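Reading the structure
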Amino acid sequence: MQPFAPFIPETAPFSPDQRAWLNGFLAGLYSRAPISATAPAGSPAAATLTPLTILFGSQTGTAEGLAKRAAKEAGKRGFAPTVLDMSQTDLPRLSGEKHLLVITSTYGEGEPPDNAKTLWTALGQAGGTPLGALQYSVCGLGDTNYVHFCQCAKDFDARLEKLGAKRVAERVDCDLEYEDKFTRWLDTSLSSFDKSGAAPAAQAAVHAVPAETKAEIPLESGYSRKNPYSALLVRSDKLNGDGSAKEVRHVVLALENSGLIYEAGDALGVTPQNCPELVSDILGLLGCDGEEAVPAPDGSTTSLRRALLASYDLGKPSPELISEVTSLAGGAGGVSVAVAFHHVIDVLLAHPETKLPPVQFVRGLKKLQPRLYSISSSPAAHAGEVHLTVGTVRYDLNGRGRKGVCSTFLSDRVVAGESRVGIFVHRNTAFRPPSDGEKPMIMVGPGTGIAPFRAFLHDRRARGARGKNWLFFGDQRAATDFLYREELEQLRSEGLLTRLDTAFSRDQTEKIYVQHRMEQNAAELFAWLEAGAHFYVCGDASRMAKDVDAALHRVVQLAGGKTAEQAADYVAQLKAAKRYARDVY
Ligand SMILES: Cc1cc2nc3c(=O)[nH]c(=O)nc-3n(C[C@H](O)[C@H](O)[C@H](O)COP(=O)(O)OP(=O)(O)OC[C@H]3O[C@@H](n4cnc5c(N)ncnc54)[C@H](O)[C@@H]3O)c2cc1C
Ligand SMILES: Cc1cc2nc3c(=O)[nH]c(=O)nc-3n(C[C@H](O)[C@H](O)[C@H](O)COP(=O)(O)O)c2cc1C
């Protein structure tokens, strides 16, 4: 019996264009059968489709979203694309491929995102030229504020070449503003593949797209990073008690008729504005009154004050700005000086005599970027609203009080019931409560890391999911920093929260953190894992997530009676089975 290609019915919630593309895409996937009958009008004849694998390495979904966009474009240009999570392929499978696009972000200090780690290790261990038949190109996603900019993409690019693969188009390394570079890279890469000699998709072995990829074709609300929805701020309540060293807020925004859809585990993008006092200080240092006309990042003309408030990043200065100011001041310009300057204002303070003309000044600035926040509500429990748990960033440096742009925007510069805040949903399909409501889940979320787990718990309660739930929460002091205490205790008394283990580091002389609580409960934690529990971590990436990972290995070793290597294998299998997911920042 011949397999048949499924097709998207006209009643499905897609535009005609989306439906046409999806039908072509599915036809490509199921292309062992003759498919010209199901290929949409105007699409390339199915028999000539060239198989193309699009691999993504992604922590918070950006690269995954771009991989799906690349598939859409490739589908229109004669390819039968397969979008694959890096954790779902390996060297033997790659060595059977002919055409490959890699889109990956970078995390930690130049490390691969979690889903790329196993493949990266496998490629590193391989020798010879097993990828001799492969043509490829790599697109990196990163952030120039990090020292190891797009390191993971650079590493994959070099490694694929070393293993014999042929680079058909130069790698691009995209900063947070990836749109133009990504589009150009995709166009060049798709045009550069040599399709001759490739078995058409009709005869090629085509891997299945993971189920969640097929399920995640976004329903358009029309709102996005480029076109945020202006949401009414309903509440911004401080969660810490008086005397706390921390300031964390519960922020509620109204979705009204926006059509914005999210799921527990997604993040919300927030477009902030800079602090007006900081802008005034900068205007003073430039000798400007703020009314000077300057270009906005989108090319339109605006006033200097408006541009500095809403459009440009006044954080880490670019090497170009430092060069401009220092050379105008007659000093030695250059990137090496950059490390000394924390914020844009520090460059101006170092050379108060230089009055860079406004247009030149803004040309040295980067665009102000939205910040992401893990959503702390579930749409099943909080219809029409989206909740965040935001830690306010304030510190002193070189005699100046510094304010985190977005966190202080949300705590100091917006008014509940009046202000509107630009938002968009940033999907994080790799971070979801278990689809099987019977499965246990273990959540480690100290500090603001509690955010998605509040969402997970509300989601499970609203859906009547009966799986057991275990939360590890920690912060400085129980009296002032036990975020959502009443709510969590209520969930505990209802029985929804099976276990709640807390670690308050400053309530006793020795420091106790969540990872210590995990190890103290090693036997039970391992028993939960053996019973199929999903393990989640959210919060600080620099120390907590690493310490929790090490503790997880020790738990498996001690309670599971395993060697260090066996424990590493066990944890790797949890990741491969998508039962170990992290949302760390
Ligand atoms: C997927 C994801 C989910 C997130 N979820 C949450 C969440 O749920 N809750 C939450 O609060 N945040 C969350 N964040 C972090 C959030 O996006 C912002 O990074 C955070 O709010 C700070 O942004 P800001 O604009 O206030 O600060 P910025 O203006 O961006 O300043 C922060 C920067 O200031 C510097 N800095 C901070 N403290 C010091 C210091 N003491 N000394 C010197 N330099 C310092 C560091 O370079 C730091 O990167 C998440 C991030 C990601 C990527
Ligand atoms: C905790 C953290 C660490 C990061 N480390 C780096 C880094 O070392 N180098 C880099 O270029 N980008 C770094 N980034 C930026 C991400 O790579 C970038 O935001 C990317 O667009 C995310 O893509 P993703 O959503 O597909 O994971 C980091 C981001 C976070 C939140």
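Preceding this section is the structure that the text describes.
**Things to note about the overall build of the protein chain**
Counting its regular elements, the protein chain contains 20 helices and 23 strands. Expressed as a percentage of its 585 residues, the buried residues of the protein chain come to 52%. If you take every contact in the protein chain between residues at least 6 apart in sequence, the share linking residues at least 24 apart comes to 76%. Taken as a whole, the protein chain presents about 25,500 Å² of accessible surface, with 51% of it coming from carbon and sulfur.

**Some points on the site of ligand 1**
Around ligand 1 there are 19 residues in total, and Leu-372, Tyr-373, Thr-389, Cys-406 and Ser-407 lie nearest to it. Note that an oxygen atom of ligand 1 is positioned 2.8 Å from one of the backbone N or O atoms of Gly-391. Protein contact buries 66% of the 980 Å² of open area that ligand 1 shows by itself. Those elements that provide at least two residues to the shell around ligand 1 are β14 (371-374), β15 (385-391) and α13 (405-412). Sorting elements by how many residues they give to the shell around ligand 1 places β14 first, with 4 residues. Here the residues of the shell around ligand 1 sort into 9 nonpolar, 8 polar and 2 charged. Counting contributing residues, the shell around ligand 1 receives three or more from each of domain 2 (229-272 + 370-426) and domain 4 (441-584).

**A word on the sheet that holds strand β9 (residues 267-271)**
Ordered in space as β14-β9-β18-β7-β8-β15, the 6 strands form an open sheet in which the pairing is antiparallel. The sheet is open, and its two edges are formed by β14 and β15, each paired on a single side. On average, each strand axis in the sheet is inclined to that of its neighbour by 40 degrees, with strand direction left out of account. The sheet strands contacting α13 are β7 (229-238), β8 (248-254), β9, β14, β15 and β18 (420-426), and the helix crosses β14 at an angle near 65 degrees.

**Quick notes on the site of ligand 2**
Lining the immediate surroundings of ligand 2 are 20 residues, of which Ser-58, Thr-60, Thr-62, Ala-63 and Thr-106 lie closest. The backbone of Ala-63 places a nitrogen or oxygen atom 2.8 Å from an oxygen atom of ligand 2. If ligand 2 stood free it would expose 650 Å²; the protein chains cover 89% of that surface. The class makeup of the residues in the shell around ligand 2 is 8 nonpolar, 11 polar and 1 charged.

**A word on the packing of aromatic side chains**
The tally for this structure, following the rule as stated, stands at 17 aromatic pairs. A ring pair is formed by Phe-453 and Tyr-536, whose centres lie 6.3 Å apart and whose planes are at 55 degrees; its orientation type is tilted. Placement of the pair is Phe-453 in helix α14 (residues 451-463) and Tyr-536 in strand β22 (residues 534-539), with a sequence separation of 83 residues. Comparing Phe-453 with Tyr-536 shows no difference in burial state: the two are buried. A ring pair is formed by Phe-456 and Tyr-536, whose centres lie 5.1 Å apart and whose planes are at 85 degrees; its orientation type is edge-to-face. Taken together, the residues Phe-456 in helix α14 and Tyr-536 in strand β22 connect sequence positions 80 residues apart. The buried category is assigned to Phe-456, whose relative accessible area is 0%. Relative accessible area serves as the criterion here: at 2%, Tyr-536 is assigned to the buried category. Taken together, the ring pairs in this structure connect Phe-431, Phe-453, Phe-456 and Tyr-536 into an aromatic cluster. Directly above the aromatic system of Phe-79 lies the positively charged group of Lys-195, at a separation of 4.4 Å from the ring centroid.

**Comments concerning the pairing of β7**
Where β7 lies against β18, 4 bridges are found, and the strand directions are antiparallel. Directly across from Leu-232, in β18, lies its bridge partner Arg-420. Relative to β8, β7 runs antiparallel, the two being bridged by 6 bridges. Within β8, the position partnered with Asp-237 by the bridge is His-250.

**Some thoughts on the sheet that holds strand β20 (residues 469-475)**
Strands pair in a sheet through their backbones, by hydrogen bonds, and they do so in one of two ways: parallel or antiparallel. With respect to topology, 5 strands assemble into an open sheet ordered β21-β20-β19-β22-β23, the strand pairing being parallel. Since the sheet does not close on itself, it has two edges, and those belong to β21 (499-504) and β23 (580-584), each with one partner. Between one strand axis and the next, the sheet turns by 10 degrees as a mean value, whatever way the strands run. Relative to β21, β20 runs parallel, the two sharing 6 bridges. Opposite Leu-471, over in β21, you have Leu-500 as the bridge partner. Packed onto the sheet, α14 meets β19 (441-444), β20, β22 and β23 and runs at close to 155 degrees relative to β19.

**Notes on the layout of surface pockets**
When its volume is computed, the second largest pocket comes out at roughly 950 Å³. Contributing to the lining of the second largest pocket are 39 residues, with Thr-429, Ala-430, Phe-431, Arg-432 and Lys-578 lying nearest its centre. Counting residues per element, the ones that place at least two in the lining of the second largest pocket are α14, β22, α20 (564-576) and β23. Here the residues of the lining of the second largest pocket sort into 15 nonpolar, 12 polar and 12 charged.

**With respect to the nonpolar core**
The biggest cluster of nonpolar side chains holds 27 residues, and the ones touching the most others in it are Met-518, Leu-525, Leu-529, Phe-535 and Leu-552. Going through the elements one at a time, β19, β20, α17 (514-520), α18 (522-530), β22, α19 (544-560), α20 and β23 are the ones with two or more residues in this core. A total of 7 residues in this core trace back to one element, the largest contributor, which is α19. Those residues in contact with Leu-525, other than ones at most four positions away along the chain, are Ile-442, Trp-470, Phe-472, Met-518, Phe-535, Leu-552 and Val-555.

Cut-offs and rules
Residues numbered from 1 in each chain as written. Chains lettered and ligands numbered in written order. Predicted model: local features only at pLDDT ≥ 70, side-chain atom pairs only at ≥ 80, totals over all residues. Heavy atoms only, no water. Helix = DSSP H or I, 4+ residues; strand = E, 2+ residues; numbered from the N terminus. Buried < 20%, exposed > 50% of the residue type's maximum accessible area, 1.4 Å probe, protein only. Contact = heavy atoms within 4.5 Å. Areas by Shrake-Rupley, 256 points an atom, 1.4 Å probe, with all protein chains shown as cover. Near = heavy atom within 4 Å. Polar contact = N/O pair within 3.5 Å; in protein donor to acceptor, adjacent residues only side chain to side chain. Nonpolar A, V, L, I, M, F, W, Y, C, P; charged D, E, K, R; others polar. Domains from an automatic or database assignment. Pairing = 2+ DSSP bridges. Axes fitted to C-alpha atoms, helices over the stretch in contact; angles between N-to-C directions. Phe/Tyr/Trp six-rings, centres within 6.5 Å; stacked < 30°, edge-to-face > 60°. Lys NZ or Arg CZ within 6 Å of the ring centre and 35° of its normal. 1 Å grid on protein atoms, 1.4 Å probe; cavity = no way out; pocket = protein on both sides within 12 Å on 5 of 7 lines; lining within 4 Å. Points joined across faces, edges and corners; volume = space filled by probe spheres on them. Core = buried A, V, L, I, M, F, W, Y, C linked by side-chain atoms within 4.5 Å.

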